[in-house]
Amino acid sequence: MKLNDGYNKIKTDATLRETISHGSEEYPFSYYFEDIWLFDFHCVDWHWHSELEFVYVEKGNAEFLIGDGRYVLSEGTGIFINTRVIHRFEATESAIIPNVVFSPSLLSPEESLIYRKYIQPLLDSSIEYLIFSHDVPWQNDVLNILLSVFALQETESMREIKTVELLMKLWSIIHENVQIPENTSGSKASAHTQAQLQIMMQYIHKNYPERISLDDIAKTASLSKSSVLNIFNKYLHTSPISYLVNYRLKRAAKLLITTDSSVAMIAQETGFENVGYFCRKFKELFHMTPGEYRKK
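These lines cover the structure that appears in this document, whether it is placed above or below. As the structure is a computational prediction, the values presented were derived from the model and not from experiment. (Residues numbered from 1 in each chain as written. Predicted model: local features only at pLDDT ≥ 70, side-chain atom pairs only at ≥ 80, totals over all residues. Heavy atoms only, no water.)

Now for unusual backbone geometry. Even without glycine at this site, His-42 takes up a positive phi of about 55°. Given a relative accessible area of 30%, His-42 falls into the partly exposed group. Backbone geometry at His-287 places phi at a positive 60°, although glycine is not the residue there. What makes His-287 exposed here is its relative accessible area of 67%. (Buried < 20%, exposed > 50% of the residue type's maximum accessible area, 1.4 Å probe, protein only.)

Here Glu-53 lies in strand β3 (residues 52–56). For the buried Glu-53, no salt bridge exists, and the shortest N-O distance to an oppositely charged side chain is 12 Å, to Arg-17. Sequence-distant contacts of Glu-53, that is, excluding residues within four places in its chain, are made with Ile-79, Phe-80, Ile-81, His-87, Phe-89, Asn-99, Val-100 and Val-101. (Helix = DSSP H or I, 4+ residues; strand = E, 2+ residues; numbered from the N terminus. Lys, Arg positive; Asp, Glu negative; His and termini not counted. Salt bridge = Lys/Arg side-chain N within 4 Å of Asp/Glu carboxyl O. Contact = heavy atoms within 4.5 Å.)

Two elements in contact, helix α7 (residues 240–258) and helix α9 (residues 275–286), have axes whose closest approach is 10 Å; the angle formed by their N-to-C orientations is 90°. Here α9 runs roughly perpendicular to α7, going by the angle between their axes. Here Val-245, Asn-246, Leu-249, Lys-250, Ala-252, Ala-253 and Leu-256 of α7 come into contact with α9, specifically with Tyr-277, Phe-278, Lys-281, Phe-282, Leu-285 and Phe-286. Tallied by class, the residues present in the contact of α7 with α9 amount to 10 nonpolar, one polar and two charged. (Axes fitted to C-alpha atoms, helices over the stretch in contact; angles between N-to-C directions. Parallel < 35°, antiparallel > 145°, perpendicular 65-115°, else oblique. Nonpolar A, V, L, I, M, F, W, Y, C, P; charged D, E, K, R; others polar.)

As a further point, take the environment of Glu-269. Relative to the helices and strands, Glu-269 is located in helix α8 (residues 263–269). Exposure remark for Glu-269: the relative accessible area of 38% places this residue in the partly exposed category. Every residue in contact with Glu-269, bar those within four places of it in the chain, is listed here: Tyr-208, Pro-209 and Leu-255.

Turning next to the environment of Tyr-293. Along the chain, Tyr-293 turns up in helix α10 (residues 290–295). On the basis of relative accessible area, Tyr-293 is assigned to the buried category, the value being 19%. Along the primary structure Tyr-293 and Ile-257 are separated by 36 residues, whereas in three dimensions their C-alpha atoms are 8.1 Å apart. In this structure, Tyr-293 is in contact with Phe-41, Ala-253, Leu-256, Ile-257, Phe-282, Phe-286 and Met-288, ignoring residues within four places of it in sequence.

Looking now at the environment of Lys-296. Considering the arrangement of structural elements, one finds Lys-296 in the segment after α10. What makes Lys-296 exposed here is its relative accessible area of 81%. Separated by 39 residues in the primary sequence, Lys-296 and Ile-257 place their C-alpha atoms 9.0 Å from one another.

What follows covers the sheet that holds strand β1 (residues 29–35). Strands sit in the order β1-β8-β3-β6-β9 across an open sheet of five strands; the sheet is antiparallel. At either end of the open sheet lies a strand with only one pairing partner, and these are β1 and β9 (129–132). Shown here is a sheet whose adjacent strand axes are inclined to one another by a mean of 15°, direction ignored. By the bridge criterion, four bridges tie β3 to strand β6 (residues 78–81) in an arrangement that is antiparallel. (Pairing = 2+ DSSP bridges.)

Here the focus is the pattern of salt bridges. Throughout the structure, instances matching the rule amount to 10 salt bridges. One salt bridge in this structure joins Arg-88 and Asp-45, with 2.5 Å as the shortest N-O distance. Of this pair, Arg-88 sits in strand β7 (residues 87–90) while Asp-45 is found in strand β2 (residues 43–47), placing the two residues 43 residues apart along the sequence. With a relative accessible area of 13%, Arg-88 lands in the buried category. With relative accessibility at 25%, the residue Asp-45 sits in the partly exposed group. One salt bridge connects Arg-70 with Glu-63, and the closest N-O pair in it is separated by 2.7 Å. Exposure remark for Arg-70: the relative accessible area of 39% places this residue in the partly exposed category. One salt-bridge network, in which partners are shared between bridges, spans Asp-45, Glu-63, Arg-70, Arg-88, Glu-90 and Lys-250.

None of this, on its own, says anything about what the molecule does.
Right under this line is the structure:
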């Protein structure tokens, strides 16, 4: 099976919502056969989408950062990511992850009884993800159905209707075996917090060449500095200033390979006042100097 090689980075808007269209309005379903290692910086960077996602780790180990959690999954395990949940995938070597992304409306129209009774409760719940292992019988059934869905995408005969049939069966198993919390207040609070996080990240992405303090970041979301620190640590597992520095370094890395500007000029353009500090932080992140990075 050939790896998807049409792009090597996730494309998002200012709120980190993924901008790629998954399928079509008539058939909102997409299948991807990907290697995390081939993406920029060996990660599928932070993003979210309104579609559901099921991922299977076919080869290697993959690290999934979902909401405020971090999970390392090995070969033969899978994960479900609920709608509108911010997430990121990382790998330290080749990690093959076939996955499907589809709209909940593919299973049933939003105005239908099936959607309201069997689909919407999980979508609106505080459940951000589910991890599946072959060791648990019902989870093993989910994974086997998922593998059948992947295999089906290599065929043409009645592929769409058979895919929906399998996904409905998969969803039915989850509905029968997962205790869905009735109280959704935790989910709403999480969604609100993630919206605040997206506002702050958007501010950093737009203003990274300028001087930015923790106070500046906090003001954009009308939060205290301690709240900002907690949110970044909880969801991104880093501090706001570390996130800012790393974002500047990634922008600098792009300029190193797309322009002929000097290292000192690029450091200045991406918000670094001291070129020595820039070079030191660059080497910490990329394990090579800016000059070596440009040559490679």
